[in-house]
Each structure stands twice: as structure tokens, then as C-alpha cells.
Amino acid sequence: MSLFQSPARITRRVQVSRIMAATPCQAPGRPVHTSAHTAASELLNKVKGQKFVRKQLLDGNQLQKLSLTLGRRSEFSPEEPPDGTPLPYGHHLVYFTPSQFESELGLDGSDTTFNSPAPFTRRMWAGGEMEWNPEVELRVGERVEETTEILDAKAKRSREGGEMVLVNVEKRFVSPRGLALTDRRSWIFRQPPSAPPPGSTAEVITIPTTKSNVCDVAADPGAGYAIRNLVWSPVALFRFSALTFNAHMIHFNESWTRQVEGHPDVVVHGPLNLINLMDYWRDVHSQGGKVRAKGITYRALSPLYAGEEYTIGTERVMESEGGTRYGLVVKRGEAVCMRGEVVGVSSM
């Protein structure tokens, strides 16, 4: 039996069952004594009846990257698919991805937009269904509207008798030609386990609580320019790897990083620090756009790791024939990790 009532106008349907993608357990910061019934009621009171609308261009690059990831050599791998290319069934899932700052994510890195209140924070995808309109396809190059609504939230019992919360969500995707897809998903939210599963050799660990942070501190008395403090968490590094389609395991696989490469933790991306350098220069030296960057030369000297605090600052500013040269430095304590020189010219 279907989990949901199907709209009459949609004639093609696929049932998606037993999609159990567990996220790592999430340790609570303090004991919270809330029943599943109370948690479900709180969630419904907060968002029931609200509709969350987003619009996005379905770009071909994203579809091509998914095809490469899936190993489908016959689809879109030689070049980006042109506008008008229909999205294969299910490939809409790489669009309308979570849009939250890291500080808004759960301790396990999961999207918390429609999460149940604590202590029911351990999310699993329980199933759902998708219904396609055979007369309206989602196509590359279209600007599509996604509308998300919580249908209900209920207290449930697991097979083992534990409390959990079942949340049903509906997403509707409307193209310029009309409703193309209705995607309904069911999530269950359990309490964090107090011990490893039976038969597991894993130890109970404390979930790291490090969050990324970027903030400016008082100006360096010697140079007179602000110093920027930065910390990147493993969650942020994973997100940057995904954004750049970078599968280098030193940035997200702790076992590989430590046991094979000999690093103490996952490594901050060089390109991420290059972006950090340029963001710092824009904020501190561009004078609101009056000075524009003509170029940058840079050199990485020492790796940085997740959870480490480091700084970006200005070593020197020199006038030259080709423009103003800004010497920037990335440091961990007194250790220099990267140097860069930006050439800026007046945009007036």
C-alpha cells in the first residue's frame, strides 16, 4: 500500500522502498527527556502548513558530474549536456541540495531543516515514492521551482521497541511547462545509541564538536592591517571536496590520511586557502571595489589540518610600476604555511 495519496494528474509512479542511508550517530550535548510524541508535536507546530520554496537553474555541469560519478560512460561523459536535455529519472537529486551554513548543521554534519527535536537526532532515510508527469520533463537549462512541505510527523516504535519519530515530506518540482515531479520522502529519527551495535568492534567515541570559524581580530600593530583567524572542520572540508568534485582522500578519509599518508588529520585544501587569501584581500585591501586584483602568485609551504586554528595577514604593501603589491601570509602560530602576492590596480 502506498504511503501517500497519489495526485490524479500524475500517471507514472515509482515506489522507492527500504532506502536506509544512515548518518553517523549524533551525541547530545546534554540529556533531553522528550518523548517521541512530544518531539513530533513540536515539529508539526513549528512547520506544519508552511511551504518552503526554492528556485534553481538545472545546469548541465552538475548532470555531467553525476554521470561521471555513476560511471555511465555513454551518458554526458565526453562533454556537458546541452540545454533541453531531459534529466534521467532520479537525477534531480543532485539539484536543490541543502542550503545551510555549517553552524546550522547537526553534529554529524546532516541537514537539520526538517529534523525532529532532540533527543531524536539520528536520521535515517526510511523510504518514499516519486511520481513523474509523462507530459512534462525536467530539462537542462530550465529554471525550476521546488516546493517542500511537511505532510506529517508521528511517534513510532522500532522493531526493538525503541521510540522514534517518522517524518513525511513532499517535494514538488515545477518547470516552466508545469508540474514535472512529485517526490515524497520518509525519514525516521532515533535517539543516539549509548553503545555500539551488537557484534560491532567499534568503540564508543565522542563526536568532535569543532565548527568552522572565520573572524577578523585587531589589526597587526606592525602592519596596521586586520588579521583573520580561521578554523576548518572535517564537515567543511568534505563539502568543499564535493563542490570541487575532488576525490583526493587526504581531505575526507581519516584512515587513509593517517595510516597511508602519515598526516595527523584530514588536510585543508590548497585551493580553499587560495580562496581564503583572495577573500581576505577583497575584504581588507580592495577598498570596496576601488582596487581590483590584477593577479596573484602563491606558494604552499606547509599543510594545515582540520580543527587547527591559523591566520591570514598582510606582511607588506609596496607600490610598483605594475600596481600595488600586497604580500599575504598564512600562518599556524609562527609557522608559515602559504605565501601569496596580489597585484592590485585602481579601478577608477
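Position labels on residues start from 1 in each chain and follow its written sequence. Where totals are concerned, whole chains, interfaces and linings use all residues; where local detail is concerned, this predicted model gives features only for residues with pLDDT of at least 70, and gives and counts side-chain atom pairs only at 80 or more. The side-chain values count all of the structure's non-hydrogen atoms but skip hydrogen atoms and water molecules.

> Which parts of the structure should I look at to understand the overall build of the protein?
Helix and strand counts for the protein stand at five helices and twelve strands. Expressed as a percentage of the 348 residues in the protein, the buried residues total 39%. By the convention used here, residues are in contact when the closest approach between their heavy atoms is within 4.5 Å. A separation of at least 24 residues holds for 68% of the contacts in the protein among residues at least 6 apart in sequence. Helix and strand labels come from DSSP, where a helix needs a run of H or I of at least four residues and a strand needs a run of E of at least two; each type is numbered from the N terminus. Whether a residue is buried, partly exposed or exposed follows from its accessible area with a 1.4 Å probe, protein chains only, as a fraction of its type maximum: under 20%, in between, or over 50%, in that order.

> In this structure, what is going on with the nonpolar core? I would like to understand it.
Soluble globular proteins tend to bury their nonpolar side chains together. Nonpolar cores were defined as sets of buried Ala, Val, Leu, Ile, Met, Phe, Trp, Tyr and Cys residues, with membership established by side-chain atoms within 4.5 Å. One finds Trp232, Leu237, Val268, Tyr310, Leu328 and Val330 to be the most contacted residues of the largest nonpolar core, which totals 22 residues. Elements with a contribution of two residues or more to this core: helix H3 (234–243), helix H5 (270–285), strand S10 (309–320), strand S11 (323–332) and strand S12 (335–346). The element contributing the most residues to this core is H5, with four residues. Those residues in contact with Tyr310, other than ones at most four positions away along the chain, are Arg228, Asn229, Leu230, Trp232, Val268, Asn273, Asn276, Leu304, Val330, Lys331 and Arg332. In terms of nonpolar packing, the next biggest core, distinct from the first, is built from 15 residues, Leu63, Phe76, Leu87 and Leu181 among them.

> When you look at the confidence of the model for the protein in this model, what are you seeing that I'm missing?
Reading fine detail from the predicted coordinates is not recommended where pLDDT is low. pLDDT: the predictor's confidence for each residue, scored from 0 to 100. When the pLDDT values of the protein are averaged, the result is 84; 84% of them are 70 or greater. Every residue in residues 1–31 is under pLDDT 50, and counting partners more than four places away or in other chains gives 72 contacts.

> Help me understand helix H1 (residues 36–47), please; the structure alone is not making it clear to me.
Within an α-helix, residues lying three or four positions from one another point in the same direction, as the helix has 3.6 residues per turn. Expected span of a helix: the number of residues minus one, times 1.5 Å. The first and last C-alpha atoms of H1 sit 17 Å apart over twelve residues, in line with the 16 Å expected at 1.5 Å per residue. For H1, the complete set of buried residues consists of Ala36, Ala39, Ala40, Leu43 and Val47. Looking down the long axis of H1, one finds its buried residues gathered within 100° of arc, a one-sided arrangement. Exposed residues on H1 whose side chains face more than 90 degrees from its buried face are His37 and Asn45. Residues of H1 that are buried make contact with strand S2 (52–57), strand S4 (143–157) and strand S5 (163–175). Positive backbone phi, approximately 90°, marks Gly49, located one or two places after H1. The directions from the helix axis to the C-beta atoms form the arc being described.

> What is the right way to look at the environment of Ser99 in this model?
Here Ser99 is to be found in the loop between helix H2 (60–70) and strand S3 (122–132). Relative accessible area serves as the criterion here: at 61%, Ser99 is assigned to the exposed category. Each C-alpha atom of the pair Ser99 and Thr113 lies 9.0 Å from the other, and the pair is 14 residues apart in sequence. Side-chain polar atoms of Ser99 contact the side chain of Arg54, separated by 3.0 Å. Side-chain atoms alone can form a polar contact between residues adjacent in sequence; in general such a contact is a pair of N or O atoms within 3.5 Å, and within protein one must be able to donate a hydrogen while the other accepts it.

> Would you mind showing me how to read the side chain of His251 here?
Summarising the element assignment, His251 is placed in the loop between H3 and helix H4 (254–260). Relative accessible area serves as the criterion here: at 7%, His251 is assigned to the buried category. Once residues lying within four places of it in the same chain are set aside, the contact partners of His251 are Leu237, Ser241, Asn246, Val266, Val267, Val268 and His269.

> Just checking my understanding: could you explain the pairing of S11 for this structure?
It is a general feature of regular strands that their side chains alternate between the two faces of the sheet. Counting buried positions along S11 yields seven of ten residues, so the element is predominantly enclosed. Across nine bridges, S10 lies against S11 in antiparallel orientation. By the bridge assignment for S11, Val317 is matched with Tyr326. Strands pair, by our definition, only if DSSP identifies at least two bridges between them. Remark: two residues form the turn of the hairpin made by S10 and S11, two consecutive strands paired antiparallel. In the sheet, S11 pairs with S12 via nine bridges, with the strands oriented antiparallel.

> Hey, could you run me through the pattern of salt bridges in this one?
Between side chains of opposite charge, pairing is possible as soon as their charged atoms come close. In the sections that follow, a salt bridge refers to a side-chain nitrogen of Lys or Arg positioned within 4 Å of a carboxyl oxygen of Asp or Glu. As enumerated under the stated definition, the model contains 19 salt bridges in all. Here Lys171 and Glu146 are joined by a salt bridge, their closest N and O atoms 3.4 Å apart. Placement of Lys171 in strand S5 and of Glu146 in strand S4 is noted, with a sequence separation of 25 residues between them. Comparing Lys171 with Glu146, the two get one shared label, buried. Each of Glu129, Glu131, Glu170 and Arg184 takes part in salt bridges that share partners, so that together they form one network.

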